[in-house]
Amino acid sequence: MRPNETGIEAWLRDAALPAEIAATYPHYAAIVPLTTAKDSPVYTAATELQLGLSKILRQTVTLRPESELASSATLVVGTVDAFAAAGGDVRGIPDLKEDGFSLLCRDGGASVKILGENERGALYGAFEFLMLLSQNKPLPDLYSSSPSAPIRWVNQWDNLDGTIERGYAGPSIYFKDGYVVEDLTRAAQYARLMASVRLNGIIVNNVNSDSKLFSPTNMKGLARIADVMRPWGVRIGVALYFDTPKGLGGLSTSDPLDPDVVAWWDEITTSLYRHVPDMLGYLIKANSEGQPGPLTYGRTLADAANMFARALQKHGDGIVMYRAFVYNHHLDESNWKNDRANAAVEYFDGLDNEFEDNVLVQIKYGPIDFQIREPPSPLLAHLRKTPIILELQVAQEYLGQQDHVVYLPPLWRTIFDFDLQIDDRPSAVRDIVSGARFNWDRAGYAAVVNVGNDPTWLGSHLAMSNLYAYGRYTWDPTSDEEGVIRDWTRLTFGLNETVESAVTQISMQSWRTYEDYSGNLGIQTLCDIVKTCHYGPSPAAHDGNGWGQWTRADEHGLGMDRTVATGTGNAGQYPSAVAKRFEEIETTPDELLLWFHHVPYTHILKSGKTVIQHFYDAHYEGSQVAQTFPRQWETLRGLIDDARFEHVLFRLEYQAGHALVWRDSVCMFYYAKCGIADSQGRVGNHAWRIEAEEMELDGYEVVAVTPFEAASGSKAIVAADGVQTATAQCTVGFDSGVYDVAVNYYDHLGGNSEYQIFLNERLIGAWSGNLEDRLGHDFSDLVDGHSATRIYLRQVAVGKGDRLKIVGRPDGAERAPIDYVSFLPEGIID
Ligand code: GCW
């Protein structure tokens, strides 16, 4: 029996190597940190090496002073400069960039030197060494590595009240009830995880910020956060609310050109630096989604950015991260030319030369909002002088919210490798972001991360591969996706090859799978965007509102016409070679067709299929692949600890069920729109289903579901008001045999209904509508595509003519809702 693990150590478990392997390593006599400062990352590196060696190799190694530098079998860790100053031989160590390191393992790995360009680099080298050991990978004679970009940060979306926007992993580890929490143990543990994948900065609060962040108590709190993260080489910054001078300062305006406002921010900035002398700077969301900003006061975005930039310049190297996510969310869809995707370029047009040197523009990877597939933001091709930060999202807001497994590097690769051909020169996004393309010395990456106080950090063990990968990709955006997931798997679940290959296979298929059943051909993730939870399917929600995530689906066709010739002109925002490609249907890749073009459902793709048939096929294929995930995972029973095994299995089973909800919703929605049948006859035909609304009901009543496609046959049953126990019964007409029985029901907030299912009065299953607790995720308080879910009862012996009875016991607002029951012979998915 393997001891259960909570996931709190994530990929830094330092699991012991088997004794026979551990015995092949040298016995280390000492660890020599080239510093005595206990809060230095070098000292952290030394204690981390000590801990790692004790766990991985079961060696007890003491820390020794610098005078023992030359003794044998030592691990020396420090900066290259400190090593040289102590008389060490640094010949042969290549030039390193900021945060880079060299790892030298001589004498069969007995003499180890871990030398950083700076202290942080030394810590990164120590983690590199330990992660090699953990995986029993060969120790290099000399390995040197430097980051692709200096900025490798995360953005928390933690609110001061302790909730996390788009967070599914419990409350914040930073804030509670308006203040910074007392116990910052988790913040330090988080910094450790970040450092191990070479992330060096964090914005600790939500971009939807709050004036009270700068209250005197919180200033001290921010200082405490910075203090616990600093030994790990992680610096902190904050997101600010534009109208804080009004809200907290009591001023009559927040106009960035008003001298009182300028003075007020100067003072706040001075005070912040007193508390956090190495503060990173300010992240700013303004004039976005209804928030105030410079435009509110008739000023330009540059006026605002520069006011903050100047306040920061007086103190250190702090920067302004001005978010490009500026758009009007009351856009008029009736105007064919309107396009939210145009907003960033329009708002930043003409400002490239207007910003202070310490202003960077932070740009989401796509023009809209973290969709399953987007082209790169055109703004990435417009700024030559003003450096940028590319914003990614680990939180999977539109990508299954960590209840669906989606390993993100394959998606990131579509952005990083995209050649924008600026000025007809090679301009891969990764080379813009690294600063190389336009000779910026500060640029890089930020990712929205929903780490919360759940022991798994993200609420899901498998989702953690994305946080790990994010660090690896900011360091080297050319990393191999499969190599990264394999490393993560070995570190997280151990060295068993079956485990490694199952996790690798699931992960490598996962993004494509999710795309297949959520939104194809660049139409975006077809989730509900109106109820704001961005989770379950609701294709209609994209249109008919001002948010501008339109699909323009009608009975004839769908897709956004973003051409210059007849559409919104968005294609023309790209450099000419790219613009030309996106302007024409023939040269637009199928996977972005509906992003750039409005076409009939019968339009023939390069694949030879029609658009509508592609939708149907992709949804059937993707949801079919999702069914294989729990089956693959089940082969790992006993190969990893039960706690993590069960946690993942539960989620993969859930995903398999919800993938079918997605499939049916999207297919039914478009079938209803265009009336074109699936050439394979699957859509709308469900031979193995019994609709709940067609059963004999007692205490249950039939309701029409909104959106209609979120229920099979558009209807479901819910217990009538005041009923304690409701039943639905029928006679099973399928041939006798062994079936997997699937019950599709709805599990929403407001109560935990209880269900029992009987065959001829024999209880074959019972469950509770408590997904919100088991997944730790609040999706919806209604019967809809978010709450629709499925439970499987495997291998049930069924006789033709058996009586099926479902008993539902409602609880609170949840009225034990049921959609249908499927009897699935082997190999049938329905
Ligand atoms: O995607 C949208 C999210 C908001 C978020 C916003 C942003 C923090 O739905 O939750 O606000 O983007 O990135 O500012």
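Residues numbered from 1 in each chain as written. Predicted model: local features only at pLDDT ≥ 70, side-chain atom pairs only at ≥ 80, totals over all residues. Heavy atoms only, no water.

- The name given to the chain in an unreviewed UniProt entry is Alpha-glucuronidase, with Aspergillus pseudoustus as the source organism.
- Recorded in UniProt under Catalytic activity (unreviewed entry), the annotation for the chain is "an alpha-D-glucuronoside + H2O = D-glucuronate + an alcohol". (UniProt positions renumbered as here; feature names shortened; annotations may be inferred.)

1. With respect to the overall build of the chain
Part 1: Scanning the chain from N- to C-terminus turns up 20 helices and 29 strands.
Part 2: Taken against the 2.2 N^0.38 rule, which gives 28 Å for 830 residues, the C-alpha radius of gyration of the chain at 28 Å falls within 12% of a compact globule.
Part 3: Structurally, the chain occupies a C-alpha span of about 85 × 70 × 55 Å along its principal axes.
Part 4: The buried share among the 830 residues of the chain stands at 64%.
Part 5: Long-range contacts, defined here as pairs at least 24 residues apart, represent 73% of the contacts in the chain between residues at least 6 apart.
Part 6: Carbon together with sulfur atoms contributes 50% to the accessible area of the chain, which is approximately 28,700 Å² in total.
Part 7: In the chain, 70 side chains carry a positive charge and 109 a negative one; their mean positions are 3 Å apart. (Helix = DSSP H or I, 4+ residues; strand = E, 2+ residues; numbered from the N terminus. Rg over C-alpha atoms; globule rule 2.2 N^0.38 Å. Buried < 20%, exposed > 50% of the residue type's maximum accessible area, 1.4 Å probe, protein only. Contact = heavy atoms within 4.5 Å. Areas by Shrake-Rupley, 256 points an atom, 1.4 Å probe, with all protein chains shown as cover. Lys, Arg positive; Asp, Glu negative; His and termini not counted. Charge placed at Lys NZ, Arg CZ, Asp CG, Glu CD.)

2. Re the nonpolar core
Part 1: With 215 residues, the main nonpolar core has Trp11, Phe129, Tyr190, Tyr282, Trp633 and Tyr670 as its most contacted residues.
Part 2: The next biggest cluster of nonpolar side chains, apart from the first, holds 29 residues, and it includes Tyr739, Tyr755, Val798 and Val821. (Core = buried A, V, L, I, M, F, W, Y, C linked by side-chain atoms within 4.5 Å.)

3. Side note on the pattern of salt bridges
Part 1: Under the defined criterion, the tally for this structure stands at 59 salt bridges.
Part 2: Linking Asp14 and Arg192 is a salt bridge whose minimum nitrogen-to-oxygen distance equals 3.9 Å. Taken together, the positions of Asp14 in the segment before helix H1 (19–22) and Arg192 in helix H5 (residues 185–196) put the pair 178 residues apart, joining distant regions of the chain.
Part 3: The closest approach of N and O atoms between Arg384 and Asp423, which form a salt bridge, is 2.8 Å. Highlighted residues: Arg384 in the loop between strand E14 (359–364) and strand E15 (388–393) and Asp423 in the loop between helix H11 (409–416) and helix H12 (429–433), separated in sequence by 39 residues. (Salt bridge = Lys/Arg side-chain N within 4 Å of Asp/Glu carboxyl O.)

4. Regarding the pairing of strand E29 (residues 818–824)
Part 1: The buried count for E29 comes to 7 of 7 residues, which makes it a mostly enclosed element.
Part 2: Of the pairings in the sheet, the one linking strand E19 (residues 689–691) to E29 comprises 3 bridges and is antiparallel in character. Within E29, the position partnered with Arg689 by the bridge is Ser822.
Part 3: Here strand E24 (residues 737–746) pairs with E29 via 6 bridges, running antiparallel. Bridge assignment links Asn744 to a residue of E29, and that residue is Tyr820. (Pairing = 2+ DSSP bridges.)

5. Side note on the packing of aromatic side chains
Part 1: Under the definition given, this model contains 46 aromatic pairs.
Part 2: Here Tyr282 and Phe308 contribute two aromatic rings whose centre-to-centre distance is 5.9 Å and whose plane-to-plane angle is 75 degrees, an arrangement assigned as edge-to-face. Here Tyr282, found in strand E12 (residues 281–284), pairs with Phe308, found in helix H9 (residues 301–313); they are 26 residues apart in sequence, far enough to count as distant. Both residues of the pair, Tyr282 and Phe308, count as buried. (Phe/Tyr/Trp six-rings, centres within 6.5 Å; stacked < 30°, edge-to-face > 60°.)

6. What to know about the site of the ligand
Part 1: Close contacts around the ligand come from 14 residues, with Glu165, Lys285, Arg323, Lys364 and Asp369 the closest.
Part 2: With respect to the ligand, the side chain of Arg323 contributes an N or O atom lying 2.6 Å from an oxygen atom.
Part 3: One nitrogen or oxygen atom from the side chain of Lys364 is found 2.6 Å from an oxygen atom belonging to the ligand.
Part 4: Here the shell around the ligand is composed, by residue class, of 3 nonpolar, 3 polar and 8 charged. (Near = heavy atom within 4 Å. Polar contact = N/O pair within 3.5 Å; in protein donor to acceptor, adjacent residues only side chain to side chain. Nonpolar A, V, L, I, M, F, W, Y, C, P; charged D, E, K, R; others polar.)

7. A word on the UniProt feature "domain: Glycosyl hydrolase family 67 C-terminal" (unreviewed entry) in the chain
Part 1: In this numbering, the UniProt entry assigns the feature "domain: Glycosyl hydrolase family 67 C-terminal" (unreviewed entry) to residues 459–682.
Part 2: Helix and strand shares over residues 459–682 are 52% and 2% respectively, and the end C-alpha atoms of the span are 35 Å apart.

8. A few points about the domain arrangement of the chain
Part 1: Under the domain assignment used here, the chain contains domain 1 (19–145), domain 2 (151–479), domain 3 (481–560 + 598–679) and domain 4 (689–824).
Part 2: One C-alpha centre belongs to domain 3, the other to domain 4, and the line joining them spans 24 Å.
Part 3: Listed as interface residues are 24 residues of domain 3 and, on the opposing side, 21 residues of domain 4.
Part 4: For the domain 3 and domain 4 pair, buried surface summed over both sides reaches about 1,900 Å², with 58% attributable to carbon and sulfur atoms.
Part 5: Together, Lys531, Phe650 and Tyr654 form the three largest contributors to the area buried by domain 3 at its contact with domain 4, with a combined 28%.
Part 6: Counting across the interface, domain 3 meets domain 4 through 3 salt bridges.
Part 7: Across the contact surface, domain 3 and domain 4 share 9 residue pairs in polar contact (both at pLDDT 80 or more).
Part 8: For the side of domain 3 that touches domain 4, the elements supplying multiple residues, two or more each, are helix H18 (611–634) and helix H19 (642–674).
Part 9: Looking at the side of domain 3 that touches domain 4, the element that brings in the most residues is H19, giving 14 residues.
Part 10: Looking at the side of domain 3 that touches domain 4 residue by residue, the classes come out as 11 nonpolar, 6 polar and 7 charged. (Domains from an automatic or database assignment. Buried area = accessible area lost by both parts, 1.4 Å probe.)

9. Examining the environment of Leu222
Part 1: Looking at the element boundaries, Leu222 is found in helix H6 (residues 216–229).
Part 2: Residues Leu222 and Ile236, spaced 14 residues apart in sequence, show a C-alpha to C-alpha distance of 8.4 Å.
Part 3: Discounting chain neighbours no more than four positions away, the residues touching Leu222 are Val180, Val204, Leu213, Ile236, Val238, Leu272 and Val276.

10. Digging into the sheet that holds strand E28 (residues 803–809)
The strands making up a sheet associate through hydrogen bonds between their backbones, and the pairing can be parallel or antiparallel.
Part 1: Across the sheet, 5 strands lie side by side as E20-E23-E28-E25-E26; this open sheet has antiparallel pairing. One side of each edge strand has no neighbouring strand; the edge strands of this open sheet are strand E20 (696–698) and strand E26 (762–768). Strand-to-strand twist of the sheet, defined as the mean angle between neighbouring strand axes without regard to direction, takes the value 15 degrees.
Part 2: Bridge analysis of strand E23 (residues 726–731) against E28 gives 6 bridges, and the strand direction is antiparallel. For Ala728, the partnering residue across the bridge sits in E28 and is Ile806. (Axes fitted to C-alpha atoms, helices over the stretch in contact; angles between N-to-C directions.)

11. Considerations on the packing of helix H2 (residues 41–56) against helix H4 (residues 119–134)
Part 1: Orientation of H2 relative to H4, taken along the N-to-C sense of each, is 10 degrees, at an axis distance of 8 Å. With respect to each other, H2 and H4 are oriented roughly parallel. Residues Pro41, Val42, Thr44, Ala45, Glu48, Leu49, Gly52, Leu53 and Ile56 of H2 form the contact with H4, whose own contacting residues are Glu119, Arg120, Ala122, Leu123, Ala126, Phe127, Phe129, Leu130, Leu133 and Ser134.
Part 2: Classifying every residue of the contact of H2 with H4 gives 13 nonpolar, 3 polar and 3 charged. (Parallel < 35°, antiparallel > 145°, perpendicular 65-115°, else oblique.)

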